[in-house]
Amino acid sequence: EALSVALHPSGFHVIVGFSDKLRLMNLLMEDLKPFKDIPIKACRECRFSNGGQYFAATNQNQIQVYKTYTCEQVAVLRGHNNKVRSLSWTQDDATLVSAGMDGAVYEYSILRGGVRTSDFVAKGINFSCVIVYTDPSTGNNTMYVVGSDKLLKEIYASQVQQCMDTTTTAGQIVLSSSAKVMFASVAEPGMPGEVRCYKFPLDGEFTSYQCHSSPATRLRATYDDQYLFSCGEDGCLFIFDVRRKDRAVSKRDKEQVLPMADEILVTRQFLEDKQAQLVDLERQVDELSNQIDFQLRHRDSYHKEKMAELEDKYGQEIEQERTKYELLREEKNDMEMEYEENIKNLEEMHAKQIQDLEASFQHKMMVEVGRYQKLAAEREAEHQTWERQDREFMDEHRRQVQEMQRKDQEQQQHDKTQLIRIVEDKALNEKVHQETLSQLEVDADSEIQELKEQYEKKLAQEKEDKVRLRGQAGIHKKHHEDLKRQMQKKEEELKQMRDEASKKQERIDKLINDRERNLKLIKERDKTIGEREQTIYELKKANQELEKYKFVLDYKIKELKAQIDPKNEDIAEMKKQIQSMDADLEDYHRKNKQLQLDISALVTKQKNLQEEIIIQRSKLTDTQTLIKRFKNDLHECVQFIQEPKQLQDKLQVLYRKYVPNGVKKQELDTDIQKEYQRQKEYLDKSVESLRKKLAKDSEVHQQDNMRIMQENVSLIREINDLRREITALKKERQQQKLDVVRQKRSGKRGGLQLTKEQKVELEGTREANQQEIAMLRARLDTRMLEMQQASGNLPSV
């Protein structure tokens, strides 16, 4: 489990604090490679310096500072009574500031061996984060610290200069590289972790951004102030895009921003694999080129044979085409005569048909016009008679309806009077004779029934009259519709006649167009016949040229056949290959010598460049000191800006001090100055990039040399141990031989003899010793070979 992480400013290295150790690793192209393990357990805070040459890591209540590239311990900073929570480097990496759970903030000078230069202690407060700001004008350091007291303190010279209430517990604070904005994260338990943005210098105003659902634990900003990273106890990582609303980025600011680096770290094995792949690809390219050359030679010979076959084939085809051409020309003449006769016949027949069609069309038109006029007159007469009959029928119908209505009203009036009389009679009869009531009712019902049947008969008769009248009206309407249909049919026939006349006219136009098209076809065929005659003439010329080439090629083929001798050619070819291989071998030797000379020249060039870099660095330090001195003097002059006389005197003194010989006036063109300035900036940038590359290469070479030297030392130690073992074994073997000789002598003198078991045991020990000696010699040889390979792989310094 990783407890803390820190990235190097170059992006090539990373420190990760684990529960058992602190590990420095290199960031490769696709991997993380451990470089050094430092015995610091459970490191929860580590930081690289701004320049990247140091890194600091907390070890409980201590702080250990190391060099990045050698992992050499620089200092151990003590003073805290409890765990250290936060570390911060100054801009020049000369000072390290720390804050801890004991409420103490200490400032250490790394250049002076870790001496504590200032301190601030507030007992009972748990500080969680501290940052340091260096004023560029005065060079003084100001510390900002937050903790469990919900206050943001500004500390200068071990004294609190300003306190700002944050209303909640601020866990982390970060100052941007431009020193314009300060970011803070809320770490209040049980509350969401928001991110705040304060204006710097602090005035109390801030803008909050809600992101975490739990307290925030870490807050970091990138070196270019473009992104802000925040993580919290909710397991989320938020990335903010940092932008300023009150200022647009100018073109000059964009140009001054350094681009992203293109360099990456790779291992030696990766480079060796790439080189092996490159050699394999070169070999494949050579094989493919040889194969392609062979295929091209084979294809050339095939094409030559194919060319000869095509020449024979095309010669025969030309003869066939010539005979076809003669036949086609004869057919053409016959077809011309036939077409001319056909055209004349068609023209005559066409003129006659046109006259006949015009006459028939005029006659039909006259007949149709007469029929149309006659039908129109009949239609008008029928229409008038139908309207007259319709009026008569409507008048008769209206009269009969009125008569029937009148009769019906009279009958209803009569019925009403009768009904009234019957009701009176009924009342009278009820009063007089109740016994005869039923009889009267029967008589009334029968009379009502008779009246009802009589009126129903009349109503049925009227309905029949109405139906009959409606049928007559329908017949008249149907007759009228038949006349309309006949009229429409006549109009459609007239339209069809007009369509037939237009179709015949279109056919006449089509025949005229066919005639013109046939004339065009005749002209085009004449033209194509002329073009074919021209192509036949060109083919004849090409055939003559091909016959010439054929004669020349036949002659060359005869000469080559006479000179062919396969065995001599193979022998000569093999000799040529041997000579070319010897020449290639000499060329390779010459190239190796040239490469060695180039390497030596590059080494000398590198030395000269290093000397030049040292000279330029000394000049740069001199100019920087001069500029710093001038800035200090100019700052003193600015103090008298309200007093013109003293300011003028100070400026004159400053001018005499820094410009003793005066300023040479040079009138240069503005374009030349701009071009000079542009080239100067480009050269400065290129020199800076070369310096960085040189520093990186020198570091890499130094690391490789150190590693190889360590391997050589370990190999030499193993070889010495093996030699000592071999000498000891030799002495032991000699001693065993002497013991055997002494035993033999003592056995002869005493009359004693060795048994078979003792002889077998001695022989076994001797063979075992010989095998062990042979194995040790083999190990010694392998170690010697490894030493030679390692010494051969040492890079040139």
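What you see is a predicted model; the values in this text were computed from it and never measured.

(A) Summary view of the packing of aromatic side chains. In the structure shown here, the tally under the stated rule is seven aromatic pairs. With 6.3 Å between their ring centres and 70° between their planes, Tyr 106 and Tyr 108 make a pair best called edge-to-face. Here Tyr 106 and Tyr 108 have matching classes, each one buried. Each ring, one from Tyr 144 and one from Phe 200, has its centre 5.4 Å from the other, and the planes form 70°; the classification is edge-to-face. In this pair, Tyr 144 is assigned in strand β14 (residues 141–147) and Phe 200 in the loop between β19 (194–199) and β20 (206–210), connecting sequence segments 56 residues apart. Look at Tyr 144 and you get buried, because its relative accessible area is 4%. Owing to a relative accessible area of 9%, Phe 200 belongs among the buried residues under this scheme. Through successive ring pairs, a cluster of aromatic residues spans Phe 48, Phe 55 and Tyr 66. The cationic tip of Arg 116 hangs over the ring face of Tyr 106; the distance from NZ or CZ to the ring centre is 4.4 Å. Over the ring of Phe 206 we find Arg 196, and its NZ or CZ is 4.5 Å from the ring centre.

(B) Region of the structure containing the side chain of Glu 154. Along the chain, Glu 154 turns up in strand β15 (residues 151–156). Comment: no salt bridge for buried Glu 154; closest opposite-charge side chain is Lys 153, at 12 Å.

(C) Examining the sheet that holds strand β2 (residues 13–17) more closely. The sheet built from four strands is open, its strands ordered β1-β2-β3-β4 with antiparallel pairing. Two strands bound the open sheet, and with one partner strand each, they are β1 (4–7) and β4 (32–38). On average, each strand axis in the sheet is tilted by 25° relative to the strand beside it, whichever way the strands run. Where β2 and strand β3 (residues 22–27) come together, five bridges link them in antiparallel fashion. Residue pairing across strands places Val 16 opposite Arg 23, the latter belonging to β3.

(D) Structural context of the side chain of Thr 166. Structurally, the position occupied by Thr 166 is in the loop between β16 (159–165) and β17 (170–175). Of note is the side chain of Thr 166, whose polar atom sits 2.6 Å from the backbone oxygen of Thr 168. Leave out the neighbours within four places in its chain, and Thr 166 touches Lys 150, Leu 151, Leu 152, Arg 196 and Tyr 198.

(E) Spatial organisation of the pattern of salt bridges. This structure, assessed with the given rule, holds 25 salt bridges. Of the charged contacts in the structure, one is a salt bridge between Lys 67 and Glu 72, with a shortest N-O distance of 4.0 Å. Exposure remark for Glu 72: the relative accessible area of 44% places this residue in the partly exposed category. If you follow the salt bridges from partner to partner, you end up with Glu 45, Arg 47, Arg 218 and Arg 220 in one network.

(F) Spatial organisation of the sheet that holds strand β11 (residues 104–109). Overall, antiparallel pairing links the four strands, which are arranged β9-β10-β11-β12 in an open sheet. Each end of this open sheet is capped by a strand with a single partner; those strands are β9 (84–89) and β12 (115–121). Along the sheet, successive strands turn relative to each other by an average axial angle of 20°, direction set aside. With five bridges connecting them, β9 and strand β10 (residues 95–100) associate as antiparallel partners. Bridging from a neighbouring strand, Ser 86 pairs with Ala 99 of β10.

(G) Region of the structure containing the layout of surface pockets. Estimates place the volume of the second largest pocket at around 1100 Å³. Taken together, 35 residues line the second largest pocket, and the ones lying closest to its centre are Tyr 339, Asn 518, Leu 521, Ile 522 and Arg 525. It is helix α2 (residues 268–432) that provides the largest number of residues to the lining of the second largest pocket, a total of 18 residues.

(H) Region of the structure containing the pairing of strand β23 (residues 237–241). Sheet analysis places strand β22 (residues 227–232) next to β23, joined by five bridges and oriented antiparallel. Residue Tyr 227 lies in a different strand from β23, and its bridge partner there is Asp 241.

(I) Region of the structure containing the environment of Gly 139. Mapped onto the elements of the fold, Gly 139 is located in the loop between β13 (127–134) and β14. Sequence separation between Gly 139 and Gln 91 is 48 residues; the distance between their C-alpha atoms is 9.9 Å.

(J) The environment of Phe 18, seen in detail. Topologically, Phe 18 is positioned in the loop between β2 and β3. With a relative accessible area of 22%, Phe 18 lands in the partly exposed category. Sequence separation between Phe 18 and Leu 3 is 15 residues, and the spatial gap between their C-alpha atoms is 5.7 Å. If we ignore the near neighbours within four places in the chain, the residues touching Phe 18 are Glu 1, Ala 2, Leu 3, Arg 23, Ile 40, Lys 41, Ala 42 and Cys 43.

(K) Looking closely at the state of the cysteines. Throughout the structure, instances matching the rule amount to zero disulfides. Summary of cysteine pairing: Cys 71 is not part of a disulfide, and the nearest cysteine sulfur, belonging to Cys 46, is at 13 Å. Free cysteine: Cys 163, not disulfide-bonded; nearest cysteine sulfur from Cys 129 at 16 Å.

(L) Structural detail: the environment of Ser 230. Structurally, Ser 230 is set in strand β22. In sequence terms Ser 230 and Arg 707 are 477 residues apart; their C-alpha atoms lie 39 Å from each other. Among the polar contacts listed, one links the side chain of Ser 230 to the side chain of His 212, at a separation of 2.9 Å.

(M) Representation of empty space enclosed by the protein. Using the criterion set out here, one finds four cavities of 30 Å³ or more in the structure. Reported here for the largest cavity is a volume of approximately 60 Å³. Considering the residues around the largest cavity, the lining is formed by Glu 368, Arg 371, Tyr 372, Leu 375, Lys 490, Glu 493 and Leu 494. Elements supplying a minimum of two residues to the lining of the largest cavity: α2 and α3 (437–563). The element best represented in the lining of the largest cavity is α2, accounting for four residues. Residue composition of the lining of the largest cavity, grouped by class: three nonpolar, no polar and four charged. Its volume calculated, the second largest cavity comes out at about 40 Å³. Residue lining of the second largest cavity: His 13, Leu 24, Asn 26, Phe 35, Thr 68, Tyr 69 and Gln 703, and that is the complete set. Each residue belonging to the lining of the second largest cavity can be placed in one class, and the counts come to three nonpolar, four polar and no charged.

Reading the values: the criteria
- Residues numbered from 1 in each chain as written.
- Predicted model: local features only at pLDDT ≥ 70, side-chain atom pairs only at ≥ 80, totals over all residues.
- Heavy atoms only, no water.
- Phe/Tyr/Trp six-rings, centres within 6.5 Å; stacked < 30°, edge-to-face > 60°.
- Buried < 20%, exposed > 50% of the residue type's maximum accessible area, 1.4 Å probe, protein only.
- Helix = DSSP H or I, 4+ residues; strand = E, 2+ residues; numbered from the N terminus.
- Lys NZ or Arg CZ within 6 Å of the ring centre and 35° of its normal.
- Lys, Arg positive; Asp, Glu negative; His and termini not counted.
- Salt bridge = Lys/Arg side-chain N within 4 Å of Asp/Glu carboxyl O.
- Pairing = 2+ DSSP bridges.
- Axes fitted to C-alpha atoms, helices over the stretch in contact; angles between N-to-C directions.
- Polar contact = N/O pair within 3.5 Å; in protein donor to acceptor, adjacent residues only side chain to side chain.
- Contact = heavy atoms within 4.5 Å.
- 1 Å grid on protein atoms, 1.4 Å probe; cavity = no way out; pocket = protein on both sides within 12 Å on 5 of 7 lines; lining within 4 Å.
- Points joined across faces, edges and corners; volume = space filled by probe spheres on them.
- Disulfide = S-S within 2.5 Å.
- Nonpolar A, V, L, I, M, F, W, Y, C, P; charged D, E, K, R; others polar.

So yeah, pure geometry; function would need other evidence.
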